[in-house]
Amino acid sequence: MASAFGKLVVGTYVEIKRSDGRIHQAMVTSLNEDNESVTVEWIENGDTKGKEIDLESIFALNPDVAPDEEIAPSPETPPPPTPTCVKVNKIAKNRRTIAPTKNDTPSRDNRVIPTRARPPQPQQPEPAPPPPSQQPAQPTQAQTQQQLQNARRKSNCVKEVEKLQEKRERRRLQQQELREKRAQEVDTTIPNYEIMYMIRDFRASLDYRPLTTADLIEEHRICVCVRKRPLNKKELAMKDLDVITIPSKDVVMVHEPKQKVDLTRYLENQTFRFDYAFDDSTTNEMVYRFTARPLVETIFERGMATCFAYGQTGSGKTHTMGGDFSGKNQDCSKGIYALAARDVFLMLKKPNYKKLDLQVYATFFEIYSGKVFDLLNRKAKLRVLEDGKQQVQVVGLQEKEVKCTEDVLKLIEVGNSCRTSGQTSANAHSSRSHAVFQIILRRKGKMHGKFSLIDLAGNERGADTSSADRQTRLEGAEINKSLLALKECIRALGRNKPHTPFRASKLTQVLRDSFIGENSRTCMIATISPGMTSCENTLNTLRYANRVKEFGISPSDIPFSQGGQGSRPDHSPTNTFDYDDFAATSPSRVKELTVDPNQVMEGGRPNIHTVNQLDLLDEEWLSISPQRDDLKLLCEQNEEEVSPQLFTFHEAVSQLVEMEEQVLEDHRAVFQESIRWLEDEKVLLEMTEEVDYDVESYATQLEQILDQKIEILTELRDKVKSFRSALQEEEQASKQINPKRPRAL
């Protein structure tokens, strides 16, 4: 290797060429045999600088230090003498195969510059020229030696690039072999088998600690838990993936499939923490044990208890609250309704409660599109009013006295058969209303305690507020508004706020007494679907439940196994959601949403009518309605979910519902008055049959009756016109909806 450096030694000054084209001298400081280069240094502007240069560049600028021979001539084909001109031409033709002499300077492309012909040697006889078969071997051998020389002169950068290429090819082969091996193990007909493997690998790193009956039941004023159902027959038939993991008793993880710009698929693991988390193997009895059972004692202590089931259509709300389904037939004895009633009657037999002489009553009603219907009285329509003491009364609601659990089951069966339901893509028997079952304890006719069990409508219907069908629009708007109001009422209960926006929806208005007072407790059961097709709705449900009672979560809450802690998959980041506490925001930070019904808002409702009685009703409703104040407060506390256009739509719907009730009430009053008019007119007509009847009295009484008719009917007609204008206003507002602002996760 030392011969490759020629006359180069440490301390020798050589000419070097800089990257900007300058050529100057530098001193050789080291000889690098591994990559056949030298390190040189020079002084520039008082600073010592250095550079590593390959030997080829050094010898090109400094031919005097080049080695004597770079390529030895072939001993089999010595250069022949050239005594004549013809032979000189032959030698010149093959000159590129001869190594350069000592004073020759090689060029940058490693080709040898032709040298002068040697003087002829007449004393030696001229050898015969080589046969044609041997001539092609001479350039081939020379080229091979030049290629070897070039290989020795590769820089470090080129060698590193070649190593990287080799590693990349090796890694690609290993990945291909792994994919082929996995493809043999799994059914590749599964649409998302790659996602399935990612989820399986992540779950393998977890240390599962699920909830068991041995765990302690904690006391919570507000308890929020999550229940995951198994994959149903439809999801199994379409080979849907289970993307929900419940590794411990209070943690829920959602494996959301994502895709990068280069179409690479990966998982985004989003983690939530609640009071309790129930996996798909949990029974209704287990759920009841940790959620509703601790609330039963509250109603015996003169308290109000509330238990909600919230979630997407088909996620198991009605199954949890009402009992197991077999087709459309429901086994009511295994639902929380019946389990709570069973414990109520058991506690009545305890000595300390038996002496109170309590009677048990039950009510069952539903709230659909802002209207209340009694499910135990042939679905009679009810009115919700506030009395002089600001107590909410459901006028006409029937309370049935029950003596045992069997009586409760009969009432539940009667109510479920009348409940409003419909077929959706998620469920063939989908609940479209909020069902409220109440167990009331009375002592000497006065209320002692009340337990309200609510099966809420599917939360995905709340997003359908821009439908062409008015009934679907109103249904979705009421569900959306009632769920937001319910969330804020529960938050107000947990923070002991001075004001609870219960008037914002019929649901919270009916349940007002459950949110007021120190001895009120609430439990929410969020039911989620495990399928990948329901991932978005599942995340919405979990975010809603998280907002009701905001939990913090840290990486230590995720139970990774000791062996899997270090091998946690890189494609599984954990996102923690931390929402702003809008309820604790000072008034100066809350943005005011102002709505002027006589002006056009951007994206809001336009002025589609002139100033008439509707404008007067609008101004009166906007100025004095407590419902509007609560609705406004509700939208302020949920600015990230309710846009100004959606607030305007909710306002129009609330006003429409109030006007509808007023028109119906006035119509009934006019109908009753019409019956009285008919009786009065009948008396007048009978009076005219007499021979000497008083004509003046007849005319006076008839005129009074007609004036009353005109006045009352004109007033009713104006209200109907206003109501029709409100219908048009609602339709215009629905076309301007921008339901949600973009949420930054």
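Here the structure is a predicted model, which means the values were calculated and not measured. (Residues numbered from 1 in each chain as written. Predicted model: local features only at pLDDT ≥ 70, side-chain atom pairs only at ≥ 80, totals over all residues. Heavy atoms only, no water.)

Counting its secondary structure elements, the chain contains 21 helices and 23 strands. Here the chain holds 745 residues, and 45% of them are scored as buried. Here the contacts in the chain between residues at least 6 apart in sequence split such that 69% fall between residues at least 24 apart. For the chain, the accessible surface area stands at approximately 40000 Å², while carbon and sulfur atoms represent 51% of it. (Helix = DSSP H or I, 4+ residues; strand = E, 2+ residues; numbered from the N terminus. Buried < 20%, exposed > 50% of the residue type's maximum accessible area, 1.4 Å probe, protein only. Contact = heavy atoms within 4.5 Å. Areas by Shrake-Rupley, 256 points an atom, 1.4 Å probe, with all protein chains shown as cover.)

Each regular strand carries side chains that alternate between the two faces of the sheet. Residues Lys371 and Phe373 of strand β14 (residues 371–374) are buried on one face, and the alternating residues Val372 and Asp374, pointing to the opposite face, are buried as well. Pairing of strand β13 (residues 359–368) with β14, which is carried by four bridges, proceeds in the antiparallel orientation. The residue of β14 that forms the bridge with Phe365 is Asp374. With antiparallel pairing between neighbouring strands as the criterion, β13 and β14 make up a hairpin whose turn holds two residues, including Ser369 at a positive phi of roughly 55°. Pairing of β14 with strand β15 (residues 380–386), which is carried by three bridges, proceeds in the antiparallel orientation. Looking across to β15, one finds that Asp374 is bridged to Ala380. (Pairing = 2+ DSSP bridges.)

A large share of strand β20 (residues 434–443) lies buried, amounting to nine of its 10 residues. Where β13 lies against β20, nine bridges are found, and the strand directions are antiparallel. Among the inter-strand pairings, Phe365 is bridged to a residue of β20, identified as Val436. Examined bridge by bridge, β20 and strand β21 (residues 446–455) share nine bridges and lie antiparallel to one another. When the sheet's bridge partners are listed, Leu441 is paired in β21 with Gly449. The turn joining β20 and β21, which pair antiparallel and follow one another in sequence, is formed by two residues; a positive phi near 55° is taken by Lys444.

What follows covers a positive patch on the surface. Together, Lys167, Arg168, Arg170 and Arg171 make up a region of like positive charge exposed at the surface. With respect to the secondary-structure elements, Lys167 resides in helix α4 (residues 156–185). (Patch = residues over 30% accessible without salt bridge, like charges linked within 9 Å, V, L, I, M, F, W, Y side chains within 5 Å. Salt bridge = Lys/Arg side-chain N within 4 Å of Asp/Glu carboxyl O. Lys, Arg positive; Asp, Glu negative; His and termini not counted. Charge placed at Lys NZ, Arg CZ, Asp CG, Glu CD.)

Take a negative patch on the surface next. The grouping of Glu686, Glu689, Glu690 and Asp692 at the surface amounts to a negative patch. Counting through the fold element by element, Glu689 comes out in the loop between α20 (644–688) and α21 (695–734). Note on Glu689: relative accessible area 67%, which makes it exposed.

Let us look at the environment of Ala504. For Ala504, the position within the fold is in the loop between α13 (470–495) and α14 (506–510). Classification of Ala504 as buried rests on a relative accessible area of 0%.

Bringing helix α16 (residues 535–548) into the picture now. Relative to the 20 Å expected for 14 residues at 1.5 Å per residue, α16 spans 20 Å between its end C-alpha atoms, a close match to the ideal helical length. α16 sits mainly inside the fold: 11 of its 14 residues count as buried. (Expected span 1.5 Å × (residues − 1).)

Right, let's talk about the packing of helix α10 (residues 336–348) against helix α12 (residues 405–418) for a bit. Put simply, α10 and α12 touch, their axes get as near as 9 Å, and they point 155° apart. Taken together, α10 and α12 sit at an angle that is classed as roughly antiparallel. For α10 against α12, the interelement crossing comes out right-handed. Two secondary-structure elements touch here, α10 through Tyr337, Ala338, Ala341, Arg342 and Phe345 and α12 through Thr405, Val408, Leu409 and Ile412. The residue inventory of the contact of α10 with α12, partitioned by class, reads seven nonpolar, one polar and one charged. (Axes fitted to C-alpha atoms, helices over the stretch in contact; angles between N-to-C directions. Parallel < 35°, antiparallel > 145°, perpendicular 65-115°, else oblique. Left-handed = near helix turned anticlockwise from the far one by under 90°. Nonpolar A, V, L, I, M, F, W, Y, C, P; charged D, E, K, R; others polar.)

Our next topic: the side chain of Arg227. Along the chain, Arg227 turns up in strand β5 (residues 222–228). One polar contact links Arg227 to Thr320, side chain to side chain, over a distance of 3.0 Å. The contact partners of Arg227, leaving out residues within four places of it in the chain, are Phe278, Thr282, Thr283, Asn284, Val287, His319, Thr320, Ile525, Ala526, Thr527 and Ile528. (Polar contact = N/O pair within 3.5 Å; in protein donor to acceptor, adjacent residues only side chain to side chain.)

Moving on, we get to unusual backbone geometry. Positive phi outside glycine occurs at Leu263, with the angle close to 70°. Following the sequence through the fold, Leu263 ends up in the loop between β7 (251–259) and β8 (265–273). For Leu263, a relative accessible area of 60% translates into the label exposed. The phi torsion at Asp357 lies on the positive side, around 55°, for a residue other than glycine. When you line up the elements, Asp357 lands in the loop between α11 (351–354) and β13.

Next up on the list: the confidence of the model for the chain. In this model, the chain carries a mean pLDDT of 75, and residues with pLDDT of at least 70 account for 70%. Mean pLDDT in the chain bottoms out at helix α2 (residues 85–93), which sits at 38, and peaks at strand β9 (residues 276–278), which reaches 93. Low pLDDT, under 50, characterises residues 563–624; the stretch is placed with 120 contacts to residues that sit more than four places away or in other chains. (pLDDT = per-residue confidence, 0-100.)

On to the packing of aromatic side chains, then. With the rule as written, the count across this model stands at 10 aromatic pairs. Considering the side-chain rings of Tyr276 and Phe290, the 5.1 Å spacing of their centres and the 55° angle between planes classify their relative orientation as tilted. Taken together, the residues span a long stretch of sequence, with Tyr276 in strand β9 and Phe290 in helix α7 (residues 284–290) at a distance of 14 residues. The buried category is assigned to Phe290, whose relative accessible area is 1%. Site record: aromatic cluster; members linked through ring pairs are Tyr276, Phe278 and Phe290. Over the ring of Tyr197 we find Arg200; its NZ or CZ atom is 5.0 Å from the centre of that ring. The residue whose ring lies beneath Lys260 is Tyr266, and the NZ or CZ to ring-centre distance is 5.7 Å. (Phe/Tyr/Trp six-rings, centres within 6.5 Å; stacked < 30°, edge-to-face > 60°. Lys NZ or Arg CZ within 6 Å of the ring centre and 35° of its normal.)

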